[in-house]
Amino acid sequence: GFEDSLQNGRYFHMSSFGEKKAMSCSQRNFVKKFLRYNSRQLSRIYPAGSRISSSNYNPIPLWNAGCQIVALNYQTDCAEMDLNLGLFRDNGGSGYILKHDALVNPEASSFDPFEPRTFPSSFTPKEVSLKIISAQQLPKPKGVEKGEVIDPYVAVQVLGTDHDAKTYVTKYIDDNGFNPRWDAKFTFVVHAPDLCLIRFVINDKDVLSADDLIGQATIPFNSLCQGYRHIQLEGEGVSHASIFIKVNIIDYVPPAPKRKGLMRIFRRKPRVEERRPEGANVPKGVADNLGRSDKDDEFLSRTDVDDAVDGPQPEVMQSVEEEEDQQGDEVLFDVASADDATDGDGRNSVKVIAGTNLNLDGLTSPTAANALVSEDEKEIIARQIEQEL
């Protein structure tokens, strides 16, 4: 296994991996071990023997894992071979390219192709603005009936790490293979440019069957030139066909984080302090209860009521406290003497001693600390107090 090769392997040793085994080692759970192995020794990947039709597998995960030799069936013209030809366009088509430093020394960078946060700083993210303008001299695919005109469209594939993988598709143009024009613009971000490939695919739109391939071309991202460019298509019978594009690449600047939540905190409306009712010589806690009904507050605390009474406490209130100590909260109200509780307008005031469950018909605010009542209301209160006692 990888642990044994770490102890006993030599730099000139090369190991061959079957397609299935290599693909499993390049997955998320084992890719770091595979990267470390490929940084010390050579690995060769070969297609599975079950591919009797000479089909191919996707080489990108193996390239991202640092594999040096990824063998494909060259006799088959397919998307996987197009990726292989596109990758080795770099370095003048000499047949080899240098691996990125993150693949050569993965232990130093802790690189993981599945985790963008482990990408080294040398992976400068790029923002790409790509405009697909037009195409020229597109041939008909094989098997097309005589007299039929193609309906071409372009698919742009961004390949590399999973974080960068995406596909954009233009609309199709009816009956125009000579000079179709799309003027489609796509904007995207590439976080690992050194491992990225841009693939252009032109297909013929077919309603009743699968779309037919017309031509394709794959270019390494670092080889993509800016400005107006013609991309020569690869494939059978497309030697004169090309697509016309415009490329603009700039360094990607992440947007500033939203501060909406913080702004809500700092812009919170100030708390408005409630004012006491004018002319009421009562504490704020008691004044808040003025005008409330029995459903709002079941009782007023004795502390608030005691604080609400000005001057010396009447003897009758002291007797009520002693009686409450013996009988609990049975006594709810005590009516002061007329001499002590008469206001300037001749109305008598009732002092609230403790909370009330008492139903006082005719009173608007039975829990008020200084509720003014008439003589009739006073009789109603006195009768109910007698019943409670």
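Residues numbered from 1 in each chain as written. Predicted model: local features only at pLDDT ≥ 70, side-chain atom pairs only at ≥ 80, totals over all residues. Heavy atoms only, no water.

**What about the overall build of the chain?**
Then comes step 1: For the chain, the helix and strand inventory stands at 13 helices and 14 strands.
Then comes step 2: Restricting the contact set of the chain to residue pairs at least 6 apart, pairs at least 24 apart contribute 61%.
Then comes step 3: On the chain, roughly 23,500 Å² of surface is accessible, and the fraction owed to carbon and sulfur atoms is 49%. (Helix = DSSP H or I, 4+ residues; strand = E, 2+ residues; numbered from the N terminus. Contact = heavy atoms within 4.5 Å. Areas by Shrake-Rupley, 256 points an atom, 1.4 Å probe, with all protein chains shown as cover.)

**Side note on the nonpolar core**
Then comes step 1: Counting 33 residues, the largest nonpolar core has Leu-130, Ile-132, Val-156, Ile-198 and Phe-200 as its most contacted members.
Then comes step 2: Among the elements that take part in this core, strand β7 (residues 181-190) stands out by supplying five residues, more than any other.
Then comes step 3: Among all residues touching Val-156, those that are not within four sequence positions of it are Leu-130, Ile-132, Lys-166, Thr-167, Tyr-168, Phe-186, Ile-198, Arg-199 and Phe-200.
Then comes step 4: Counting residues in hydrophobic clusters, the runner-up holds 32 residues, among them Val-31, Val-70, Leu-72 and Leu-87. (Core = buried A, V, L, I, M, F, W, Y, C linked by side-chain atoms within 4.5 Å. Buried < 20%, exposed > 50% of the residue type's maximum accessible area, 1.4 Å probe, protein only.)

**A look at the sheet that holds strand β1 (residues 14-18)**
Then comes step 1: Pairing in this open sheet of three strands is parallel, and the strands run β1-β2-β3 from one edge to the other. Looking at the sheet topology across the chains shown, the edges are occupied by β1 and β3 (69-70).
Then comes step 2: Across two bridges, the pairing between strand β2 (residues 42-46) and β3 is parallel. Looking at β3, one finds that Ile-45 is bridged to Val-70. (Pairing = 2+ DSSP bridges.)

**With respect to helix α5 (residues 79-87)**
Then comes step 1: Turning to α5, its buried residues number three or more, namely Met-81, Asp-82, Leu-83, Asn-84, Gly-86 and Leu-87.
Then comes step 2: Elements that come into contact with the buried residues of α5 comprise α4 (60-64), β5 (152-159), β8 (197-204) and β9 (212-220).

**Quick word on the pairing of β9**
Then comes step 1: Most of β9 is tucked away: seven of the nine residues are buried.
Then comes step 2: One ladder, built from eight bridges, connects β8 with β9; its direction is antiparallel. Among the inter-strand pairings, Ile-198 is bridged to a residue of β9, identified as Ile-219.

**Quick word on the environment of Glu-3**
Then comes step 1: Checked against the element boundaries, Glu-3 lands in helix α1 (residues 2-8).
Then comes step 2: For the pair formed by Glu-3 and Lys-33, sequence separation is 30 residues and the distance between their alpha carbons is 8.7 Å.

**Thoughts on the packing of aromatic side chains**
Then comes step 1: One pass over the full model with this rule turns up eight aromatic pairs.
Then comes step 2: With centroids separated by 5.7 Å and ring planes inclined at 75°, the aromatic side chains of Phe-119 and Phe-123 adopt a geometry described as edge-to-face. Both residues of the pair, Phe-119 and Phe-123, count as buried.
Then comes step 3: Aromatic ring contacts, followed pair by pair, group Phe-17, Phe-34 and Tyr-37 into a single cluster. (Phe/Tyr/Trp six-rings, centres within 6.5 Å; stacked < 30°, edge-to-face > 60°.)

**Some thoughts on helix α3 (residues 31-38)**
Note on helix geometry: an α-helix contains 3.6 residues per turn, so any two residues three or four positions apart are oriented the same way.
Then comes step 1: Looking at α3, one finds that the buried residues are Val-31, Phe-34, Leu-35, Tyr-37 and Asn-38. Buried residues in α3, looked at end-on, bunch into an arc of 160°, giving them a common side. (Arc of directions from axis to C-beta.)

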